[in-house]
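# A look at the structure
Listed below, chain by chain, are the residues.
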Amino acid sequence: MQSAAAVGLVRPCAARARPLAAGPSHRGGAVAVAAGGIRPVLPPRGLRLSARAGLVPASPLEEEEKRRCRAERDVAAAASAAAPGAGEEAGGGLMKTLQLGALFGLWYLFNIYFNIYNKQVLKVLPYPINITTVQFAVGTTIALFMWITGILKRPKISGAQLLAILPLAIVHTMGNLFTNMSLGKVAVSFTHTIKAMEPFFSVLLSAIFLGELPTPWVVLSLLPIVGGVALASLTEASFNWAGFWSAMASNVTFQSRNVLSKKLMVKKEESLDNINLFSIITVMSFFLLAPITLLTEGVKVSPAVLQSAGLNLKQVYTRSLIAAFCFHAYQQVSYMILARVSPVTHSVGNCVKRVVVIVTSVLFFRTPVSPVNSLGTGVALAGVFLYSQLKRLKPKAKAT
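Residues numbered from 1 in each chain as written. Predicted model: local features only at pLDDT ≥ 70, side-chain atom pairs only at ≥ 80, totals over all residues. Heavy atoms only, no water.

### Concerning the UniProt feature "transmembrane region" (unreviewed entry) in the protein chain
The positions UniProt marks with the feature "transmembrane region" (unreviewed entry) are residues 98-117, 129-148, 160-179, 200-226, 238-254, 275-296 and 373-390. Annotation note: span residues 238-254, helix share 82%, strand share 0%, distance between end C-alpha atoms 24 Å. Counted over residues 373-390, helix gives 100% and strand 0%. Its end C-alpha atoms are 26 Å apart. (UniProt positions renumbered as here; feature names shortened; annotations may be inferred. Helix = DSSP H or I, 4+ residues; strand = E, 2+ residues; numbered from the N terminus.)

What follows is the structure, given as structure tokens:
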């Protein structure tokens, strides 16, 4: 029987054994004496040297302890190797968060500048078709510049795809035109309050054309939206029917665009991402609206027309170009954000953006707002936020 010292007290990583002196042998002796002195006898296979017990069989517990040590060393080495990667991942996550925050900031900033400068131009130049055409022209120039310089990968698109995109371009053109018509007639804050009804038309058109029936909770969330817009409309100082129905028509056309995009399901090539699709729609919208401008309002942005109206050329052109640039930029940034977050998060961000635009426009233009009007706007925007939260809830599948 092995001794306790041999079995339990021998460590796997112990220092090498001390030389053995002559002593009692085990199965024939531990040492041999030769003429030149003492030489050790190698232990038989399966035995090990022990400083205290001479030659003893290898302990199973000792072997297990060795395996445990090796495992601990492997784990420590793996953790050491993984530590730099974890740090890089954490740093990358922080950088992505900062980039996303910057994009949201630009989205709101471009929107604020577009609404302010656009309203200033429409006040002195009440030709919304001309103004919208200029905005599409500037957007077309930006898109072509990005494709030519390689900033944006040039899309590969077929004639069949262009025909599929054409209906989207038509409703996109109409939506932006109706928005400018409304901004030219009523206050910026009121236009955006009416446009808070977009979820109502989204639910209605999706149910009619796509067969997507909303949940009862989504339907209930529409009530404060409709009620809030109605309350704000009744107490709006700048109210007129032309501005009201133009904003409503903008809601219908923009939500029709979303329904059409789902129904048509335009097949995309690898290079045809959302930003490229938006750029193509912008170019098509310009070519669709330019001839309509000539047939209806005529060219009202020429130097001769502006000078005859007693307007400051530099001021009108500067504000028009800034508004047009911000018009294209905020929509492009919106698509960039949508590529990084979920549709629900984007919808919430859009709701906050509308609040920011309403507040800044009221402060900048000193729009008179009554307490009841503020209440109606607040209820409508709260309904939009509630809708965006309830929209993501999927009905539970019934057990069969």
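### As for the pattern of salt bridges
One pass over the structure, following the stated rule, counts two salt bridges. Ionic pairing is found between Lys-195 and Glu-198, a salt bridge with its closest N-O pair at 3.7 Å. For Glu-198, a relative accessible area of 15% translates into the label buried. Measuring nitrogen to oxygen at the nearest pair gives 3.8 Å for the salt bridge that ties Arg-354 to Glu-198. Placement of Arg-354 in helix α12 (residues 343-365) and of Glu-198 in helix α6 (residues 198-210) is noted, with a sequence separation of 156 residues between them. Considered together, Arg-354 and Glu-198 belong to a single accessibility category, that of buried residues. Shared partners join several salt bridges into a network, and the residues in it are Lys-195, Glu-198 and Arg-354. (Salt bridge = Lys/Arg side-chain N within 4 Å of Asp/Glu carboxyl O. Buried < 20%, exposed > 50% of the residue type's maximum accessible area, 1.4 Å probe, protein only.)

### As for the side chain of Asn-111
With respect to the helices and strands, Asn-111 occurs in helix α2 (residues 60-124). Ignoring anything within four residues of it in the chain, the contact list for Asn-111 reads Tyr-330, Lys-353 and Val-357. (Contact = heavy atoms within 4.5 Å.)

### Here we look at unusual backbone geometry
Even without being glycine, Arg-366 reaches a positive phi, approximately 55 degrees. Residue Arg-366 is classed as exposed on the basis of its relative accessible area of 74%.

### Things to note about the environment of His-346
Counting through the fold element by element, His-346 comes out in helix α12. Expressed as a C-alpha distance, the spacing of His-346 and Tyr-335, which sit eleven residues apart in the sequence, is 9.5 Å. In contact with His-346, other than residues within four places in its own chain, are Trp-107, Ser-334, Ile-337, Leu-338 and Val-341.

### Examining the packing of helix α3 (residues 128-149) against helix α9 (residues 274-295)
One way to put it is that α3 packs onto α9 with a least axis distance of 8 Å and a crossing angle of 140 degrees. Of the possible angle classes, the one that applies to α3 and α9 is oblique. Seen from above, α3 lies across α9 with left-handed handedness. For the pair formed by α3 and α9, the contact residues are Ile-129, Asn-130, Thr-132, Thr-133, Phe-136, Ala-137, Gly-139, Thr-140, Ala-143 and Trp-147 on the first element and Asn-276, Ser-279, Ile-280, Thr-282, Val-283, Ser-285, Phe-286, Leu-289, Ala-290 and Thr-293 on the second. Taken together, the residues of the contact of α3 with α9 sort by class into ten nonpolar, ten polar and no charged. (Axes fitted to C-alpha atoms, helices over the stretch in contact; angles between N-to-C directions. Parallel < 35°, antiparallel > 145°, perpendicular 65-115°, else oblique. Left-handed = near helix turned anticlockwise from the far one by under 90°. Nonpolar A, V, L, I, M, F, W, Y, C, P; charged D, E, K, R; others polar.)

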